[in-house]
Structures are given as structure tokens and as C-alpha cells.
Amino acid sequence: MDFDNDIGKPWRWTEEDGTVVTRGAAWSAPGCHPTGCGIKTYVKDGRLVRIEGDENHPVTKGRLCVRCLTLKDFTYHPDRIIYPMKRAREDRGLDKWERCSWEEAYGIIAENVGRIKEKYGAETLLAMTGTGRMTQMAGVGAHRALGTPNGCYAQSGFACYGPRVSITQYLLGAPYPEIDFAGGLPGGYDDPQYQVPEMIVQWGKEPLVSNGDGLFGHAVLDLVKRGAKLMCVDPRLTWTCALADYHLQLRPGTDAALGMAMLDTIIAEDLYDHDFVDKWCYGFEQLAERVATMPAERAADICGIPAEEIKEAARAYANAKPASIAWGLAIDQTVNGAQAGQCILSLIAITGNFDVPGGNILQDIFDGSGDKVVAGLGWKLLPDELKEKVIGLEEYPAYVNMMLRAHADRALDALETDIPYKIHGIWFGSTNLLAPTCSAQPKRWYNAAKDLDFNWVNDIFMTPTAMALCDVFLPISSCIEQDSIVPTHYGGTPNYYSALNKCIEVGECKGEFYNYHDMGLIVNPSAWTGDNACTPMEFIDDYFVGGTGMNHAKLREEVTHQRVVGYRKYETGHLRPDGMPGFNTMTGRLELYSYAFQSFGEDPLPYYVEPPFSPVSTPEVAERYPFILTTGAREYAYFHSEGRQIPYLRELVPEPLFEVNEADARAKGIKDGDWVRVENQFGFCLLVAKVTNAVKPGLVHAQHGWWFPEEDGEAPHLFGVWKSNINSLVPHSRNGKLGFGAPYKCLLCDFRKAVPEDFENVDVEGVDQPGMPKHKYDDNFYRLDKDESYQGASPAAGEGE
Ligand SMILES: Nc1nc2c(c(=O)[nH]1)N[C@H]1C(S)=C(S)[C@@H](COP(=O)(O)OP(=O)(O)OC[C@H]3O[C@@H](n4cnc5c(=O)[nH]c(N)nc54)[C@H](O)[C@@H]3O)O[C@H]1N2
Ligand SMILES: Nc1nc2c(c(=O)[nH]1)N[C@H]1C(S)=C(S)[C@@H](COP(=O)(O)OP(=O)(O)OC[C@H]3O[C@@H](n4cnc5c(=O)[nH]c(N)nc54)[C@H](O)[C@@H]3O)O[C@H]1N2
Ligand SMILES: [Mo]
């Protein structure tokens, strides 16, 4: 068949040699933030032959990441677990897994979960998840499949996306606003409704590598080719930063200071949009007064960027019409991220860039996409007395009420102390918790979870987490082995929806939602029978596109369905349930001064606090650990702890890298490729030096996610999970005041060339990282703007406590 004309191409056809080609989209598994890239899957005689990018996809146009291109190696990897397995509780840590049937696996789960629920209550079960793979959409997993209120995204301080989403909800009454890259418009960048932004700001986000949160990274480059200027706020020199017109190379964790100074410049120089501010914003005067305490000269000291550079950047952003800001993970991974986010939202607001073509777009609450009540679907089925038992609710209502999950740090506390109650079992659904991913202080999690009554896991490969902790292993399908749906942006502000189409079967693997359904039927039947009865496909339709008039059957025919979002919805009443113009907040305006923050005891205005460990806040710690450590910047080959067993991916990045500046490496006698021992007051790990000028002297960057599938899997070695575990250096319970944020991207450390003995100590079972005492946020502890005697942010100025 000849498909030179792409429009109207069917979703599936058979080529002359019998190869069946299916168009669809990718999501999990393997991991991917839902960008919904178009794929073509070639299958011959029931076997996957190859994956190609679908050139007909209206946005991704055939471009595809390396993890999709190697999907065949993932699919048929000899180590992949393709049948359910069980193991006796006393054999945890030993490779004594036995194949069993789904029926038997579910039987074991039903028996144990039933016993725990009856004896101790459903809340004593935790359902742990990692990032936005299909399963993480899943309050559903915890609430509906299991019937516990304690779903838990296990990263300390929910330091990924949660802060961004919540801040936006509290200040604007809307989901997190992504940059408008015309993803929903049929004409794309040339659509008459669209305007190419004059500037794009990547703030603590590197979408070309990460495609984070559904922002297709190549779109930024497309727009740059069409004239958009690029600004990067990033302490490292990435490929995109090198391309940028403005690169603000700030000290990690100082984003709020930079944001305040940019606001101050824009306000002081009268570069803001008076009309938008007058009509739609609340609290401008108070904001102006607050940010005046952080002039560029002061921020310059804090951030390590010349004041004039900050002012120039502020002017350039304010004068670009339209302009948009993509803010990323680095904002979440500080304790001051709520305020940094508040600054970024304020920047977008006072320059009039909200919901304009080429600016930052908001969700239309009347287009049906909001009806699916993303996390609420399972939540509303829980009895009230269970909802009140979520761990962390009392201490952190701003977190728990918004995310509808247990607070991650308090969950570890509960495991360690039995307060507020004893936990009896954990379901690990899409998190390799012990790897340096979601856990801060992984050995503490390990010790706290290894003796629980019953743990089980859904995954694709045998991971350190499954090997160490679980009694049942449920094998999960990849994205080409199941019918499902991918909404970009987790459905928050989806530009388009696409169909995941089942092309092959592998072993007895089961799609994530199919497992929720089948497991839910036996362990939480009331949520799946009677009025709540549904088929797995109805469940998927309802969950992802309920209310929009879409479903998988229709999507499959269209392959990708774009959604036109109207602009300036504060004028049209499409942001408020009452249909009135304005924003869905208490004042009806976009709150630059936040009453919601105030109601949680948080400052209604942005402020700057030092990272909990920095040369300024803890000069005595910095004397011992003088290097500033940022971690986990994404790279192309891997998604978190995945992919280390895929040969092509491992060839790209064979070892856990530690980026160190040439001068620092030279001073310590370290050469490119040397193993180094990296250490701070919380722990240590071993990484391989990458000597590079991408980091400035004094700054180092460590990869996260490392374990070694080729090594011995049994405890205590657990595939070498302790060796290069950078999260051993990340403290527990150092969160922002609302409970959000943790300093994954702004810590202190020191390092030296590794010696052979360093490799001998890494597996010692039961040795905890030096712990942190339970930390209660102290309002006055780190705040610089409360200090009247401010002289400049050098350690000599005496800021440290
Ligand atoms: N130091 C440091 N640590 C970090 C970060 C950092 O920047 N620095 N980033 C953090 C961030 S933002 C996040 S979100 C976390 C991510 O942390 P996690 O999401 O917990 O990442 P993984 O450890 O890769 O665990 C995912 C597991 O799920 C499996 N999996 C993949 N797809 C599916 C699926 O569809 N279903 C099921 N059931 N399983 C699946 C994978 O095989 C893997 O074993 O890591 C955090 N950790
Ligand atoms: N290939 C791949 N893609 C992924 C993932 C993956 O593991 N692999 N993970 C997914 C997940 S869960 C997430 S949350 C997203 C995250 O994706 P992004 O939001 O893009 O975040 P990162 O790549 O962690 O960091 C972005 C940039 O922030 C910089 N940075 C470090 N510290 C600071 C700081 O203090 N301030 C500022 N302004 N910048 C800083 C880093 O140098 C880096 O270049 O990626 C998703 N996509
Ligand atoms: Mo994340």
C-alpha cells in the first residue's frame, strides 16, 4: 500500500510480506512521561520486528527517543519476568522465586491483604508508586484496587510535579500550566490561532532530554528555529543551554531569589502588563513590596550571577510578546520550591502571558477533561473514616488534601516508629524504591520494609526492590502489549490523546489497568461490582478520557486526537465552575498574594530561604563538604532505574557518572573515568568521574537511578544497589513548610579518588545511613529576608545557624 498522503492513513494494515503495521502511541512500560509519541509497530508472525516513529503524528512527526527505538530488546530481554511468581516470606532477598499462575498469585494476595485488612485495617497497607507511568495515575491503585487511603508517591516531599501542580491550584485554581507549543491545534505552529513565542524559558527543565511532564522537547527546538529566543535557568551547561540566548547559571536551590529579583526588575522598570494586572490579579502591591526586598544586586550574591545579567534577562522576558516558561523538576526539588514556583507564576501573570497563544496555557474545565477527576476516581469510593487516616494529613494538609496520598517522609516515619499506626504491608506498583530513585535514605526504607507481613510488586524486571522485599511478583505488559490511552500531561492540560494499541503478547504479562481491575475484584470488590462494575476497557476509557466524548475505540481509529483549547479563558468563564469570568480562587483573581497559602500557615507572598545545607546556611558543614551537589539531571539513555540491562542503552552510558569540573578534578588528582567516593553527612556512594566544564568549579552533578542487573541479585548485594546509590546522600524529612519539596538538587558533598577498600564496605546489610532527626520546619531558621542585618550572602555574613 502506498501512503504518500498521510492524512487518513488507517491505524493498522498488513504489508505484502505479511508484516502487520500498527500505528499507536507509546507510554509505559517502559517508563516515559506521557508525551504520547506516535509509533509504528511492525509485527510478523506474532513477533515484534521493529518500532519506528510515526511520521504522521501531528506533533512528534516521527521523532522518537532511544528507549522506544530499543523496545524490541526490552520486550524480548531474557531477564524479563513474563509469568507471575511467588516466594516464601522467609526467603526475601534470596533468588527462590517460583513461577505460579495469576490465579494463585491473586489468591496469595487476597489471603494476605484480607487478613491484614480485617485484623489491622486497610490503612495499614501502603501502595507505593513512582513517576507518571500508567500506574502512577493511580491513586486508583491504592484507593480503588486496594481500598487503602495510603497511596504513596515515595519521593521525599513529593518533590516531583506535586509541588508545581499544587502551587498552581492554590494560586490560580487550575492545573499546572505548560507552555503552548500548539500541540492541540490542527495547523500546528502554522495554525492561525497560534503565535510563535518570542521567548521560551526553560527553568530547571531540560525537555529535549526529559520530555518532562508531557512537554515534547523537540517542540522547543522547532520554535527556536521559527525565531523564538531561548533562555535557560540551569546551573549546568547542557546542550540546549549552549544554544540559548540567555543562560542564567545560578547556584542550585536559589531559584526563588532569582525569581524575586526578576519580578522586582520588571515592576521597578514598569515593564509589566498593567491591564492584565488591574483586571485579573490580586495582591500586586503586596507582591511589589515583597520583591523589592530582593533587588538584583542582592540576588546576584545569592545566586552567583551578575546583577546586570539578571536584569537583562528580566527585561528580555518581559519585552517578549508572547513568552512562555517551562518550569521543571529543579523547582520541586528544593525546600523553597513553592516560593520559586510562586515567583514563576507571578512572572507569567504580570507580563500577561497566561492563556494567550504561545504563552502558558490553562485547562478548560468545561471541555470534559476535568470530569475524570484524576486522583478522585478511587478516592471518592473510600469510606470517610478511612480518608481521615491518611498518613501526614494533620501535619501537611496542603500536601495530603491536594495529592490525596500519604506524605512520603511521614510514611517512612510510620514504618520506623509505628506512629500514627503500624504498617503491615506494601504494594510496590512501578517503583524500584531501593534504587536511587524515589527513596531518600534507601537503607532506611529497606530496613523498615523488609520484615513487614506481606509485600508484593508489579514490574517488568527483577529489581533490587522486588528481590529484597516482595513475596509475589506480577509481570506487567509494555505499551505495545495492551490497549489503553495516553493523555499528554497526565490529562492536566492535554494537548492530545492517543491510543496505545495491543500488537503482541509476551508470556502472561498483563496491562496495568487490567491488573487493577482483576486484583481489585478480589481484594476490594465493592469498588468493582454493583454500581461500580466495569470492564477493564470501560475503566480505562472512564479514567483517561471520561467526559470528553472520547474512548479507546474512537481514538484507535483517529490514532491521535487533538484538543483545541480556547485562549484567555479567564474572560470566557471557562476557568470557573460557575461559568463566571475570572480564576477559580477565593478572590476570583489570580492570587499574587495567596489566601490559600495563608490558610495553611504559609507566607502568602514569595520569599527566599537558603537550601537546608549550603555554604550560607551551614558553613560548618560546608567546611567539611565544600562541593555543591546537584543530582539526577536526565539523560537520554535511561528512565530512572530502568534500562541498565538493555545493551544499546548501556553502551550509551555504561557507568554511573559524576560530573566534575576540570580544575577540581585536577586538584584532587582525578582523571576522567576514575571511580570516586562521594560523601556527605548522610552517606556515601561510588561513581565514575566525568571531567567536564559543563559544571563550574565547586559544583558537581551525580546521576541517579543506578543498579547493576548483571551483578549478584541476592541480599545483601541486591544487584549492587548500594554501591552507586546517590540517594544515600539525600536527607529524609527536609521538606518545605507545606510538606512539599526536598533538596535532591541542592546538597553538599566532598569526594576523592576511590581506593579498593571502598568497594568492600558498600553491601553491609542493616547499616543505616546516618539518620536525620525528625525535622519540623522552623520558619525562622533559613529565611534570609527576615534577617534585617543582611549584608550579602557570603558565609562571612553570618547567615548560618
Ligand atoms: N537523586 C535523585 N533521585 C531522584 C531524582 C533526582 O532527580 N535525583 N528524580 C526523582 C523523580 S522526579 C522521580 S519521579 C523518581 C522516579 O522514581 P521511580 O518511578 O520509582 O523510578 P524507578 O526506580 O525507575 O521505578 C520504576 C519501576 O517501575 C517499573 N515500571 C516501568 N513501567 C511500569 C508500568 O507500566 N507498570 C509497573 N507496574 N511498573 C513499571 C520499572 O521497571 C521500574 O522498576 O526518582 C526520583 N529520584
Ligand atoms: N530520559 C529520561 N526522561 C525523563 C526521566 C528520566 O529518568 N529519563 N524522568 C522523568 C521524570 S520523573 C521527570 S520529573 C522529568 C524531569 O525532567 P526535567 O524537569 O527536565 O528535570 P531534570 O532533567 O531533572 O533537570 C533539569 C535541569 O535542571 C538543572 N538543575 C539542577 N539543579 C538546579 C537548580 O537548583 N535550579 C535550576 N533552575 N536548575 C537546576 C539540571 O542541570 C538539568 O539540566 O523527566 C522525565 N523524563
Ligand atoms: Mo519525576
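Calculation criteria
Residues numbered from 1 in each chain as written. Chains lettered and ligands numbered in written order. Predicted model: local features only at pLDDT ≥ 70, side-chain atom pairs only at ≥ 80, totals over all residues. Heavy atoms only, no water. Helix = DSSP H or I, 4+ residues; strand = E, 2+ residues; numbered from the N terminus. Buried < 20%, exposed > 50% of the residue type's maximum accessible area, 1.4 Å probe, protein only. Contact = heavy atoms within 4.5 Å. Areas by Shrake-Rupley, 256 points an atom, 1.4 Å probe, with all protein chains shown as cover. Lys, Arg positive; Asp, Glu negative; His and termini not counted. Charge placed at Lys NZ, Arg CZ, Asp CG, Glu CD. Near = heavy atom within 4 Å. Polar contact = N/O pair within 3.5 Å; in protein donor to acceptor, adjacent residues only side chain to side chain. Nonpolar A, V, L, I, M, F, W, Y, C, P; charged D, E, K, R; others polar. Domains from an automatic or database assignment. Phe/Tyr/Trp six-rings, centres within 6.5 Å; stacked < 30°, edge-to-face > 60°. Core = buried A, V, L, I, M, F, W, Y, C linked by side-chain atoms within 4.5 Å. Pairing = 2+ DSSP bridges. Axes fitted to C-alpha atoms, helices over the stretch in contact; angles between N-to-C directions. Salt bridge = Lys/Arg side-chain N within 4 Å of Asp/Glu carboxyl O. Buried area = accessible area lost by both parts, 1.4 Å probe. Parallel < 35°, antiparallel > 145°, perpendicular 65-115°, else oblique. Left-handed = near helix turned anticlockwise from the far one by under 90°.

Within the chain one finds 29 helices and 26 strands. In the chain, buried positions account for 68% of the 801 residues. Residue pairs in contact within the chain that sit at least 24 positions apart in sequence constitute 74% of those at least 6 positions apart. Here the chain displays about 26500 Å² of accessible surface, and carbon together with sulfur accounts for 51% of that area. Taking the 75 positively charged and 111 negatively charged side chains of the chain as two groups, their mean positions are separated by 2 Å.

Around ligand 2 lies a shell of 31 residues, among which Ser210, Asp234, Asp255, Tyr638 and His640 are the nearest. Contact between ligand 2 and Asp255: a nitrogen atom at 2.6 Å from a side-chain N or O atom of the residue. Sorting the residues of the shell around ligand 2 by element identifies helix 6 (207–210) and helix 14 (329–332) as the ones contributing at least two each. For the shell around ligand 2, a count of residues per class yields twelve nonpolar, ten polar and nine charged. No fewer than three residues from each of domain 3 (178–361) and domain 4 (610–788) sit in the shell around ligand 2.

Moving on to the packing of aromatic side chains. The tally for this structure, following the rule as stated, stands at 38 aromatic pairs. With 5.6 Å between their ring centres and 65 degrees between their planes, Trp27 and Phe544 make a pair best called edge-to-face. Taken together, the positions of Trp27 in the loop between strand 2 (20–25) and strand 3 (38–44) and Phe544 in helix 23 (residues 536–545) put the pair 517 residues apart, joining distant regions of the chain. Summarising the burial analysis for this pair, Trp27 and Phe544 share the class buried. Between Tyr189 and Tyr194 the ring centres are 6.5 Å apart and the planes differ by 45 degrees, which places this aromatic pair in the tilted class. Feature note: the residues Trp27, Trp427, Phe454, Trp456, Phe513, Tyr516, Trp528, Phe539, Tyr543 and Phe544 constitute an aromatic cluster, connected by ring pairs.

Of all eight residues making up helix 12 (residues 296–303), six are buried, and the element is well covered by its neighbours. Summarising the contacts, the buried residues of helix 12 are in contact with helix 9 (255–268) and helix 13 (307–319).

Moving on, we come to the nonpolar core. In this structure, Trp203, Leu258, Met262 and Tyr317 are the most contacted members of the largest nonpolar core, which totals 132 residues. Residues in contact with Trp203, not counting those within four places in the same chain, are Val233, Asp255, Leu258, Gly259, Met262, Ile325, Ala326, Trp327, Gly328, Ile331, Ile344 and Leu347. Ile39, Ile179, Cys241 and Tyr516 belong to the second largest nonpolar core, which has 93 residues in total.

Quick look at the sheet that holds strand 4 (residues 47–53) now. Sheet architecture is open: four strands sit in the order 1-2-3-4, paired in antiparallel fashion. Since the sheet does not close on itself, it has two edges, and those belong to strand 1 (12–14) and strand 4, each with one partner. Ignoring which end each strand starts from, the neighbouring axes of this sheet average 20 degrees apart. Bridge count for strand 1 against strand 2 is three bridges, and the pairing is antiparallel. Bridge assignment links Trp13 to a residue of strand 2, and that residue is Val21.

As a further point, take the side chain of Glu481. Within the secondary structure layout, Glu481 lies in the loop between strand 16 (472–475) and strand 17 (484–487). Among the residues examined, Glu481 registers a relative accessible area of 5% and is labelled buried. Engagement of the side chain of Glu481 in a polar contact is seen with the side chain of Arg80, the distance being 2.9 Å. Within the local environment of Glu481, its side chain forms a polar contact with the side chain of Ser478, the two groups lying 2.8 Å apart. With residues up to four places along the chain from it excluded, the contact list for Glu481 reads Thr75, Arg80, Lys502, Ile504, Val506 and Cys509.

Considering all chains together, one arrives at 44 salt bridges under this definition. Where Arg92 meets Asp471, a salt bridge forms, and the shortest distance between an N and an O atom there is 2.8 Å. In this pair, Arg92 sits in the loop between strand 5 (85–86) and strand 6 (98–99) while Asp471 sits in the loop between helix 21 (464–469) and strand 16, placing the two residues 379 residues apart along the sequence. With respect to burial, Arg92 and Asp471 carry one shared label: buried. Note that Arg624 is salt-bridged to Glu679, the shortest N-O span being 3.1 Å. Residue Arg624 is located in helix 27 (residues 619–624), and its partner Glu679 is located in strand 23 (residues 675–680); the two are separated by 55 residues in the primary sequence. Given the relative accessible area of 43%, Arg624 is considered partly exposed.

We now examine the site of ligand 1. Taken together, the neighbourhood of ligand 1 is formed by 33 residues, with Thr431, Thr437, Asp459, Glu512 and Asn727 sitting nearest. Between an oxygen atom of ligand 1 and a side-chain N or O atom of Lys745, the distance comes to 3.0 Å. Summarising the interface, the protein chains cover 99% of the accessible area of ligand 1, which totals 920 Å² for the free molecule. When the residues that make up the shell around ligand 1 are grouped by side-chain class, the tally is ten nonpolar, 17 polar and six charged. Looking at the shell around ligand 1, you find at least three residues from each of domain 2 (85–159 + 367–476 + 511–533) and domain 4 (610–788).

Under the domain assignment, the chain is made up of domain 1 (1–76 + 483–508 + 547–571), domain 2 (85–159 + 367–476 + 511–533), domain 3 (178–361) and domain 4 (610–788). The centre of domain 1, based on its C-alpha atoms, is set 29 Å off from the matching centre of domain 2. Listed per partner, the contact involves 19 residues of domain 1 and 17 residues of domain 2. Summed over both sides, the interface of domain 1 with domain 2 buries roughly 1500 Å², with 56% coming from carbon and sulfur.

Interhelical geometry of helix 5 (residues 162–172) versus helix 15 (residues 337–350) gives an angle of 55 degrees and a closest axis separation of 10 Å. Relative to helix 15, the element helix 5 is oriented oblique. In the packing of helix 5 onto helix 15, the handedness of the crossing is right-handed. Touching Ile167, Thr168, Leu171 and Leu172 of helix 5 are Gly337, Ala338, Gly341, Gln342 and Leu345, all from helix 15. Residues that form the contact of helix 5 with helix 15 fall into these classes: five nonpolar, four polar and no charged.

Once that is clear, we can look at the sheet that holds strand 13 (residues 323–327). An order of 11-10-9-13 is seen for the four strands of this open sheet, with the pairing classed as parallel. A strand with exactly one partner marks an edge of an open sheet, and here the two such strands are strand 11 (246–248) and strand 13. Strand after strand, the sheet turns through a mean of 15 degrees between neighbouring axes, direction not considered.

Of all five residues making up strand 13, five are buried, and the element is well covered by its neighbours. Of the two faces of strand 13, the one lined by Ala323, Ile325 and Trp327 and the one lined by Ser324 and Ala326 are each fully buried.

Looking at the secondary structure, you find Thr437 in the loop between strand 14 (425–429) and helix 20 (442–449). By relative accessible area, which is 14% here, Thr437 ends up buried. Among all residues touching Thr437, those that are not within four sequence positions of it are Asn432, His640, Ser641, His704, Gly705, Asn727 and Tyr744.

Locating Lys422 in the fold gives a position in the loop between helix 19 (408–417) and strand 14. On the basis of relative accessibility, which here comes to 43%, the residue Lys422 falls in the partly exposed class. Taking the C-alpha atoms as reference, Lys422 lies 39 Å from Asp255; in sequence the two are 167 residues apart.

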